[in-house]
Amino acid sequence: MLKNYLLIAFRNLKKDRVFSLINILGLALGMACSLLILLWIRDERNQDKFNKNTTQLYSVYERQYYDNKIDAFHSTPGIMADEMKRVLPEVKYASGMAWEDPATFQVGEKIMEEKGNHAGMDFFLMFSYKLLQGEASTALNTPSTIAISRKMANDFFGSPELAIGKTVRYENRKDFKVTAVFENVPEEASEKFDYLINWHAFLEDNSWAKEWGNNGPRTLLMLKQGTNPVAFEQKIVHFLDNYNKEQGKGFHIQLGIQRFDDMYLHSHFGLNGKLEGGRIEYVRLFSIIAIFILLIACINFMNLTTARSVKRAKEIGVRKVVGALRSSLMKQFIGEAILLAFIAVFIALIVVAAVLPGFNILTQKEIVFPYANIIFWAGILLLTGFTGLISGSYPAIFLSSFKPVTVLKGVLKLQTGSVWFRKGLVVFQFVLSIVLIIGTIVISRQINYIQTTDLGYNRENLLYIPMSGDLPKQYELFKQESLNMPGIKEVSRISQTPTEIQNGTYGVDWDGKDPNSKPMFTQAAIGYDFASTMNIRVLQGREFSQSFGTDTVGYILNEQALKKIGFKNPIGSRLTFWGKKGTVVGVIKDFHFNSLHVPVNALILRLGEKDDYGSMLVKTRAGQTKAALASLEKLCKQLNPKFPFTFQFSEDEYQKLYTSEIMVGRLSSYFAFLAIFISCLGLLGLAMFTAEQRTKEIGIRKVLGASIVSLFSLLSKEFLMLVFVALLIATPLAWFMMSKWLEDYAYKTNISWWMFVIAGLVAIIITLFTVSFQAVKAALANPVKSLRTE
């Protein structure tokens, strides 16, 4: 019986090659897209799941209440991890952790830049990074120790074995002893680093992190087995009350914890201070897109199979007459659908394997096709079976319902209900496609808004040069020499790059301040000529100048800081910052120093110390950047010979803030195109079938004098009406979905009416183009042949 079913299925495939090709191609493309998206989702959800103690690993976050609002972030005092381990019995291990620190290392004559971090002595006891050399308990146990990756060990020493016990020089100012070598960080780890330096070395270099009133580092905890995380979180809510004495009626801090392996996907805090999203939104978005595309492919199958029902009507009638039960016919048709699904998935897997390298480049991942993963292949079987079942269910019910008497008389007429159902499927298919088109337009507009909006400073021809090695001490000489070089317009400095100024403090006081209020300010140290280099508008007063010796205790406010403080005449007003009494010397226009996801915060700028590290800002003249870079490299090698010359363009650093958005925009445009293409395959098949079924009618109309235009209109208008209905349904749906997506941005584009018009025109033009070939072919056919054939 099974052999007979398979034989019939293959005969039908050969008999209608064009319809079979459209069916299989549509399903294959739909499944290939869905598989690519599922591989990406699998990779996203696997981030940080490799840790054996994953259910016990948590990150502490602060929820700060001030100025009638709530801010939340994983930024904590640098000394909190050790203190929590000391006083909380539920904490087994604890570690502070800073941020990515690109640093230059030297061993003998070898000088290289590596990216790494600082972490506490418990770090390797908490996380499952494989140690090739050394012990987890002693890897970071003293301020002079460093753990390095296999890659870094090979770069400097030739092998991990030769690295242990050796000394590396950090930033030409400190020596660290290699006490451990770890395997290169796996791709499924969200934290990427090639070295880790002991936490106390970080605290020595950053004395501000030792103050309970300053934030920046993260606090990572590993709870003891059996600890209830909910009860523990309740216990530490007011932990800082005993340490941060600055809290008052207008300002207080609560602590919370989040599982470490949840942070990658759930990183966004809402206005209520609670976790509300993050990359999980992209996972959900592409999950919906995968379902959309697969449904579109399944609808193609349903429509084409039911549309071809007339050609199989006599077969069904004869089989019923000789005793075939409806249930056996349903099994056969569902089996044929599943067979097609298996052929389609075979093609889809070939497509996925072929395009995966390009997909990895687009998504900036290293997804490997899981050939040896049993769960993956089980998922493929389930997906194939599900696709076959969904796409074959309605055709099976519909075809098996034919009455043999009516069929064999040759008077088969499709019921109105089945025709409307098929039209409904086409409408649903185009609703999904139009939603994807509108979504792609909105995402594209938001990315364009991000790239073209006025940030409050000019990022064109602006370079960042990390101040490593001797450059902090040589900064004044560097500035003096570089300004005499061709192509260089302005030079300044800043403690953090202008796209990521994140250090916060509430150690600010002023005359008339409410003693119970402790507002949070973002702060950074800058050099002379900062505003002119960045092309930031000075609204009141001036920027720092060497002509004023008092500027060492002078402060510059942005508009948000001025608004928060409330000075009516800010210039000359007294301000105390970290205990240093000074005055406000200038007010600058707000500029974006973080992602457009968040509003501009209150910012206080202070004059940096002579030996402060950070970045030099160099403004080059238009069209002379290449010559300026050559001069800067030569100067840096003279002043800082032991360190390689490195730099970043401001534009590139800004774009890095929106890597996810740019990736989503590209993927959504590709998938929207494929969704439309798959829809058009089905539309083409239906147009071919409609023209074939109306051959006699078209012939009679031509004999009676119908023009080609009128015949084209006759065959096209039905499909256009379906597209119009789909547009009416898709418009409010797309508006709602994209409005929710844009809520994640503090600064965003508007959803305009023309976006929906363009999506509708695209759908209409594509429909006309798809149907036109078959419609014109039918209209141009010789009526004599069509009537004679009938």
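Being a predicted model, the structure only gives us computed values, none of them experimental.

Asks: Describe the overall build of the chain, with residues and values.
Replies: Across its full length, the chain holds 24 helices and 26 strands. Relative to all contacts within the chain whose residues are 6 or more apart in sequence, the contacts with residues 24 or more apart total 78%. Per element, the accessible surface of the chain, about 35900 Å² overall, is 58% carbon and sulfur.

Asks: Just give me the short version of the side chain of Ser 595, but keep the residues and values in it.
Replies: Within the fold, Ser 595 resides in the loop between strand E23 (580-588) and strand E24 (603-607). Under the relative-accessibility criterion, Ser 595 is labelled buried at 15%. The contact partners of Ser 595, leaving out residues within four places of it in the chain, are Leu 657 and Tyr 658.

Asks: Can you lay out the packing of aromatic side chains for me, pointing to particular residues and giving the numbers?
Replies: Under the defined criterion, the tally for this structure stands at 36 aromatic pairs. An angle of 20 degrees between the planes, with centres 6.4 Å apart, marks the rings of Phe 673 and Phe 677 as stacked. Note that Phe 673 and Phe 677 are positioned in helix H20 (residues 659-693) at a spacing of 4 residues, about one turn of the helix. Aromatic rings pair up to connect Phe 50, Phe 123, Phe 124, Phe 127, Tyr 129, Phe 182, Phe 193 and Phe 260 into one cluster. Over the face of the ring belonging to Tyr 475 we find Arg 493, whose NZ or CZ atom lies 4.6 Å from the ring centre. Directly above the ring of Phe 521 sits Lys 564, whose terminal nitrogen or CZ lies 5.4 Å from the centroid.

Asks: Describe in detail helix H15 (residues 475-482), supporting the description with residues and values.
Replies: Listed as buried for H15 are Tyr 475, Phe 478, Lys 479 and Ser 482. Viewed end-on, H15 has its buried residues packed into an arc of 95 degrees, placing them on one side of the element. At its buried positions, H15 is contacted by strand E15 (462-466), strand E16 (488-494), strand E25 (615-620) and helix H18 (625-639).

Asks: Account for the environment of Ala 672, with residues named and values stated.
Replies: Mapped onto the fold, Ala 672 is located in helix H20. C-alpha separation for the pair Ala 672 and Ser 433, spaced 239 residues apart in sequence, amounts to 6.6 Å. Ignoring sequence-local partners within four residues, the contact set of Ala 672 consists of Leu 436, Ile 437 and Thr 440.

Asks: Describe the nonpolar core, listing the residues and the values that go with them.
Replies: Grouped together as the largest cluster of nonpolar side chains are 114 residues, with contacts concentrated most on Trp 40, Phe 530, Phe 591 and Phe 671. Considering every element that reaches this core, the biggest residue donor is helix H14 (residues 416-452), with 15 residues. If we ignore the near neighbours within four places in the chain, the residues touching Phe 530 are Ser 492, Arg 493, Ile 494, Ile 536, Glu 543, Phe 591, Leu 605 and Leu 617. Counting residues in each nonpolar core, the second largest holds 24 residues, with Leu 57, Met 126, Ala 180 and Ala 189 among its members.

Asks: Please provide a residue-by-residue account of the environment of Leu 463, values included.
Replies: For Leu 463, the position within the fold is in strand E15. In sequence terms Leu 463 and Phe 647 are 184 residues apart; their C-alpha atoms lie 6.6 Å from each other. Leu 463 has contacts with Met 616, Leu 617, Val 618, Thr 620, Leu 629, Leu 632, Phe 647, Gln 648 and Phe 649, leaving out every residue within four places of it along the chain.

Asks: Describe a nonpolar patch on the surface, with residues and values.
Replies: Together, Phe 346, Ile 347, Ile 350, Val 351 and Val 355 make up an exposed nonpolar region whose accessible area comes to about 410 Å². With respect to the element layout, Phe 346 can be found in helix H11 (residues 326-363).

Asks: Let's hear about the side chain of Glu 661: which residues, and what values?
Replies: Mapped onto the elements, Glu 661 comes out in helix H20. Summary of buried charges: Glu 661 has no salt-bridge partner, and the nearest side chain of opposite charge, Arg 279, is 7.6 Å away. Excluding anything up to four places from it in sequence, Glu 661 contacts Tyr 282, Ile 443, Ile 447, His 597 and Tyr 745.

Asks: So what's going on with unusual backbone geometry? Residues and values would help.
Replies: Here Asp 48, not a glycine, exhibits a phi torsion of approximately 65 degrees, which is positive. Looking at the element boundaries, Asp 48 is found in the loop between helix H2 (17-45) and strand E1 (57-66). On the basis of relative accessible area, Asp 48 is assigned to the buried category, the value being 1%. Although it is not a glycine, Gln 364 sits at a positive phi angle of roughly 55 degrees. Along the chain, the position of Gln 364 falls in the loop between H11 and helix H12 (374-399).

Asks: Kindly report on the pattern of salt bridges, identifying the contributing residues and their values.
Replies: Applying the stated criterion across every chain, the model contains 23 salt bridges. Across the pair Lys 174 and Asp 205 runs a salt bridge whose closest N-O atoms are separated by 3.2 Å. Taken together, the positions of Lys 174 in strand E9 (residues 174-182) and Asp 205 in helix H7 (residues 199-205) put the pair 31 residues apart, joining distant regions of the chain. The partner of Asp 511 in a salt bridge is Arg 574, with the nearest N and O atoms 2.9 Å apart.

Asks: I'd like to hear about the packing of H15 against H18, residue by residue, with values.
Replies: Contact geometry of H15 with H18 gives a least axis separation of 11 Å together with a crossing angle of 150 degrees. With respect to H18, the element H15 is oriented roughly antiparallel. In the crossing of H15 with H18, the sense of the turn from one axis to the other is right-handed. Two secondary-structure elements touch here, H15 through Leu 477, Phe 478, Glu 481 and Ser 482 and H18 through Leu 632, Leu 635, Cys 636 and Leu 639.

Asks: Please give an account of the pairing of strand E22 (residues 574-577) that cites residues and values.
Replies: Here E22 shows a clear split, with Leu 575 and Phe 577 buried on one side and none of Arg 574 and Thr 576 buried on the other. When strand E18 (residues 508-510) meets E22, the two strands line up antiparallel, connected through 3 bridges. Counted as the bridge partner of Asp 509 is Thr 576 from E22. Note that E22 and E23 share 4 bridges and pair antiparallel.

Asks: Describe helix H3 (residues 80-87), with residues and values.
Replies: Met 80, Ala 81, Glu 83 and Met 84 are the residues of H3 that are buried. In a view along the axis of H3, the buried residues occupy a sector of 165 degrees, so they form one face of it. Where H3 is buried, its residues contact E1, strand E3 (91-97), strand E11 (218-223), helix H8 (229-236) and strand E12 (251-259).

Asks: Give me the environment of Lys 69: which residues, what numbers.
Replies: Structurally, Lys 69 can be placed in strand E2 (residues 69-73). Taking the C-alpha atoms as reference points, Lys 69 and Asn 272, 203 residues apart in sequence, are found 7.8 Å from one another.

Rules and cut-offs
Residues numbered from 1 in each chain as written. Predicted model: local features only at pLDDT ≥ 70, side-chain atom pairs only at ≥ 80, totals over all residues. Heavy atoms only, no water. Helix = DSSP H or I, 4+ residues; strand = E, 2+ residues; numbered from the N terminus. Contact = heavy atoms within 4.5 Å. Areas by Shrake-Rupley, 256 points an atom, 1.4 Å probe, with all protein chains shown as cover. Buried < 20%, exposed > 50% of the residue type's maximum accessible area, 1.4 Å probe, protein only. Phe/Tyr/Trp six-rings, centres within 6.5 Å; stacked < 30°, edge-to-face > 60°. Lys NZ or Arg CZ within 6 Å of the ring centre and 35° of its normal. Arc of directions from axis to C-beta. Core = buried A, V, L, I, M, F, W, Y, C linked by side-chain atoms within 4.5 Å. Patch = residues over 30% accessible without salt bridge, like charges linked within 9 Å, V, L, I, M, F, W, Y side chains within 5 Å. Salt bridge = Lys/Arg side-chain N within 4 Å of Asp/Glu carboxyl O. Lys, Arg positive; Asp, Glu negative; His and termini not counted. Axes fitted to C-alpha atoms, helices over the stretch in contact; angles between N-to-C directions. Parallel < 35°, antiparallel > 145°, perpendicular 65-115°, else oblique. Left-handed = near helix turned anticlockwise from the far one by under 90°. Pairing = 2+ DSSP bridges.

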